[in-house]
Amino acid sequence: MFLTTKLRLLLSHTCTKLGSKAWEFATPLLLLRFSPDGGLIAPAIFGLTVYSLQFVVGPAVGQWMDHTARMPVVRHGIALQAAAVVAAIGVFGLLCESEKNGSEGMPWSLLAAMIVCGVVESIGALISDIAIRKDWVATIWAEGDHEELSSMNSAMASIDLLAESFGPLAAGVAIHLLGADAGFVAVASANVVTFAIELRLLSAVYAENKALAAPKPATHMQESKPGFFTAWPIFIQHPSGIPLLVLSYSLLYFTVLSPHDVMLTAYLQIRGVPPAALAAFRAAGALAGVLGTTFFTWLSARAGLRMVATGHLWLQSAAVSGATACFYATHGEVGLSAPMLVFLALIVVSRFGLYGFDLANETLQQLHVDEAYRGSVGAVEKSLCSLGTMSAYVGAFAVSASGSTTSSASDKSLASSLTFDVLVYASAFFVGTAALIYTAWVLLFHEHAHEHPRMVASPSHTHTTQQLRALEMNSSEGRRIHVHLHLHLPCITMDNHGHSHSHDDKGNDHAYHAYHDQHSHG
């Protein structure tokens, strides 16, 4: 085979993302069958339950990943996803049988079974995604060629965006050509096939990279065995300000201002925006994301990873704030009015900033999260993002409830508009807060070279596993030198840290210079 490690990982990622996005498109359509009146109650219950349980269970799963070898982790994740999809096909068969028998009312037992399938599939997807993007990619490239690491992350982000468009398109074509029942089974079956391909490709990657087969580093924080809540203290105590970085990213999920957001799409339809315009809006958002990741990769190699990420995030915040102002001006307008066009255009611009920052967050975590706790930190991040998605579902209930308390159609439309205002303003608040938190992280946590005297056995600040390894690798003549990202308040002097800074290169050996060149771009 002429496939490189990078190509195998990208092919594997393409297969799983196309399959999962097609599945995510088909599942809500299936859930409408569970509601006797075709309402949204079944999809809403499904979404809230799945994301709630992912929020609770995710961190414990992440800590389990930190204590388990890499290939078994991936096998478990893929197996859970495949088993859940196959079981969902069985539940769908039972639903069809129930409909043939003329059963009336909500099939609560079948809905509960489908929810179980959804929870299992989401946990499997969480395991697979964290294992590959947070651990495997970082293990292979984080301590080597950083340009290759950035290129890999950029390629995976582009695949995510393309799969977001083509996965639902493929599922829609299958359902249209084969009918709703056969189309759903076809999408589910294709998804299972992609799991098999993914496992085969990842097994090959594992076999050709000895670093992946090496035992994971022993955990060194005070912790108990994996449990539902033990990952949170690990996350909170993580050095290098990682909690601030993760929080700034997670807050971006507390928004409805996204071209592919279900609530925003439904609201725009109510406001008379044509379906063709909605499709163009979604496509433009994906294109802006691709351009954002491409531009970020080019510029960060020249201007520094952390500073370019700051610019992208503030661009998103500014665009969302502008969109919020335009949204207020759309009240009383129907269809594609001038304020509505500007509102949609600014949301598209915000995607340019979002996906650039998303790429930066991925790379920064791969570089700075302790390799002994990549699973725990990654799972906590996923849980916080799930909390944001849950908040959108709660917002949908609020909008629906506000409209249902009025009598006339015009009053319902006005009530929904005013309630949706709150969601839009909240979205702008959370995005702005994310930008402030990330900027605080950049200002408070500095990355530069410094040394630890050998007589200082236990410095006052915490090191990650990678930093400790670099400290020993770059040691000479009683000095231990490395690059460290840690807190620097104006009131703290160098002596308080138990180390001295080495901003000049006098006395440093060649290994230190190579390490400094690789790690001081942000």
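This text gives an overview of the structure that appears in the document. Numbers given to residues run from 1 along each chain, matching the order in which its sequence is written. Totals for whole chains, interfaces and linings use every residue, but because this is a predicted model, local features are given only for residues with pLDDT of at least 70 and side-chain atom pairs only at 80 or more, for both listing and counting. The basis for every side-chain value is the complete set of heavy atoms in the structure, and neither hydrogens nor water enter the calculation.

Moving on, we come to the overall build of the protein. Scanning the protein for helices and strands turns up 17 helices and 4 strands. Per-residue burial for the protein yields a buried fraction of 53% across its 522 residues. Surface accessibility follows the Shrake-Rupley procedure with a 1.4 Å probe radius. Residue values consider only the protein chains on display as shielding. Accessible surface computed for the protein: about 22400 Å², of which carbon and sulfur atoms make up 68%. Under the DSSP-based scheme used, a helix requires at least four consecutive residues in state H or I and a strand at least two consecutive residues in state E, with every element numbered from the N terminus. Only protein chains enter the accessibility calculation, which uses a 1.4 Å probe. A residue is then buried if its area is under 20% of the maximum for its type, exposed if over 50%, and partly exposed in between.

All right, on to the packing of aromatic side chains then. Centres within 6.5 Å make a pair out of two Phe, Tyr or Trp rings, where for Trp the six-membered ring is used; the pair is then stacked when the planes are under 30 degrees apart, edge-to-face when over 60, and tilted otherwise. Throughout the structure, instances matching the rule amount to 13 aromatic pairs. Joined through ring pairs, the aromatic side chains of Trp 23, Phe 92 and Phe 184 make up one cluster. Any Lys NZ or Arg CZ that is within 6 Å of a ring centre and within 35 degrees of that ring's normal is treated as a charge sitting over the ring. Above the face of the Trp 441 ring, Arg 306 is positioned so that its terminal group lies 4.9 Å from the ring centre.

The next thing to look at is unusual backbone geometry. Generally, phi is negative for residues other than glycine and the peptide bonds are trans, each holding for most cases. We note that Ser 240 has phi near 70°; this positive angle belongs to a residue other than glycine. Looking at the element boundaries, Ser 240 is found in the loop between helix H8 (231–236) and helix H9 (242–250). The class of Ser 240 is buried, set by a relative accessible area of 4%.

Right, let's get into a nonpolar patch on the surface. By definition, no residue in a patch forms a salt bridge, and every one has over 30% relative accessible area; like charges are joined within 9 Å, nonpolar side chains (Val, Leu, Ile, Met, Phe, Trp, Tyr) within 5 Å. Salt bridge criterion: a side-chain nitrogen from Lys or Arg within 4 Å of a carboxyl oxygen from Asp or Glu. A cluster of nonpolar side chains, Leu 18, Leu 162, Phe 166, Leu 169, Val 173, Leu 177 and Leu 178, forms an exposed patch at the surface whose accessible area comes to about 670 Å². The element contributing the most residues to the nonpolar patch is helix H5 (residues 146–178), with 6 residues. Its location among the elements puts Leu 18 in helix H1 (residues 5–31). You can call Leu 18 partly exposed: its relative accessible area is 34%.

Turning our eyes to something else, we now look at the pattern of salt bridges. By the definition in use, this model includes 9 salt bridges. A salt bridge links Asp 129 to Lys 382; the shortest N-O distance between them is 2.7 Å. Of this pair, Asp 129 sits in helix H4 (residues 108–141) while Lys 382 sits in helix H14 (residues 374–404), placing them 253 residues apart in sequence. Classification of Asp 129 by relative accessible area gives buried; the value is 17%.

Multiplying 1.5 Å by the helix residue count minus one yields the expected span of that helix. With 26 residues, helix H2 (residues 41–66) should cover 38 Å at 1.5 Å per step; its first-to-last C-alpha distance of 37 Å lies within 8% of that length. The sharpest bend along H2 comes to roughly 40°, located at Val 57, with the proline Pro 59 sitting one to four residues further on. In this scheme, the bend at a residue equals the angle between the axes fitted to the seven residues that finish there and the seven that begin there.

General note: in soluble globular proteins, nonpolar side chains tend to be found buried as a group. Leu 252, Leu 268, Phe 343, Phe 420, Tyr 438 and Trp 441 are the most contacted members of the largest nonpolar core, which has 63 residues in total. Mapped onto this core, the elements with two or more residues apiece are H8, H9, helix H10 (262–270), helix H11 (275–303), helix H12 (305–329), helix H13 (338–368), H14 and helix H15 (409–444). Contact between two residues is taken to exist if any of their heavy atoms lie within 4.5 Å; hydrogens are not considered. When near neighbours in sequence (up to four residues on either side) are disregarded, Phe 343 contacts Leu 257, Leu 264, Leu 268, Ala 323, Cys 326 and Phe 327. To define a nonpolar core, start from buried Ala, Val, Leu, Ile, Met, Phe, Trp, Tyr and Cys residues and group those joined through side-chain atoms within 4.5 Å.

With that settled, consider the packing of H5 against H13. Contact pair H5 / H13: the axes reach a minimum separation of 10 Å and the direction vectors enclose 135°. One element, H5, and the other, H13, form an angle in the oblique class. As H5 packs across H13, the resulting crossing turns out to be right-handed. Listed contacts from H13 to His 146, Leu 149, Ser 150, Asn 153, Ser 154, Leu 161 and Glu 164 of H5 are Tyr 355, Leu 359, Glu 362, Thr 363, Gln 366 and Leu 367. The residue makeup of the contact of H5 with H13, split by class, is 5 nonpolar, 6 polar and 2 charged. Comment: axis = line fitted to C-alpha atoms, over the contacting stretch for helices; angle = value between 0 and 180 degrees taken between N-to-C directions. An angle below 35 degrees is treated as roughly parallel, one above 145 as roughly antiparallel, one from 65 to 115 as roughly perpendicular, and anything else as oblique. Each helix crossing is assigned a hand: it is left-handed if the near helix lies turned anticlockwise from the far helix by less than a right angle, otherwise right-handed if that turn is clockwise. Three categories are distinguished: nonpolar for Ala, Val, Leu, Ile, Met, Phe, Trp, Tyr, Cys and Pro, charged for Asp, Glu, Lys and Arg, and polar for the others, with Gly belonging to the last.

On to the environment of Ile 159, then. Along the chain, the position of Ile 159 falls in helix H5. Given a relative accessible area of 15%, Ile 159 falls into the buried group. Spatially, the C-alpha atom of Ile 159 lies 8.8 Å from that of Leu 18, the residues being 141 residues apart in sequence. Once residues lying within four places of it in the same chain are set aside, the contact partners of Ile 159 are Leu 10, His 13 and Thr 14.

Mapping Arg 70 onto the fold places it in helix H3 (residues 70–100). Taking the relative accessible area as the measure of exposure, Arg 70 reaches 5% and is therefore buried. On a C-alpha basis, the gap between Arg 70 and Ala 131 in space is 7.4 Å, while along the polypeptide they are 61 residues apart. Non-local contacts of Arg 70, meaning those with residues more than four positions away in its chain, are made with Asp 135, Trp 136, Thr 139, Tyr 206, Ala 211, Leu 212, Ala 214, Lys 216 and Arg 374. A distance of 3.4 Å separates a polar side-chain atom of Arg 70 from the backbone oxygen of Ala 214. Side-chain atoms alone can form a polar contact between residues adjacent in sequence; in general such a contact is a pair of N or O atoms within 3.5 Å, and within protein one must be able to donate a hydrogen while the other accepts it.

Right, let's talk about the side chain of Asp 66 for a bit. Mapped onto the elements of the fold, Asp 66 is located in helix H2. A residue counts as positive if it is Lys or Arg and as negative if it is Asp or Glu; His and the chain ends are not included. Lys 216 provides the closest opposite charge to the buried, unpaired Asp 66, separated from it by 5.4 Å. Of note is the side chain of Asp 66, whose polar atom sits 3.4 Å from the backbone nitrogen of Arg 374. Contacts of Asp 66, omitting those with residues within four sequence positions, involve Lys 216, Ala 372, Tyr 373, Arg 374, Gly 375 and Ser 376.

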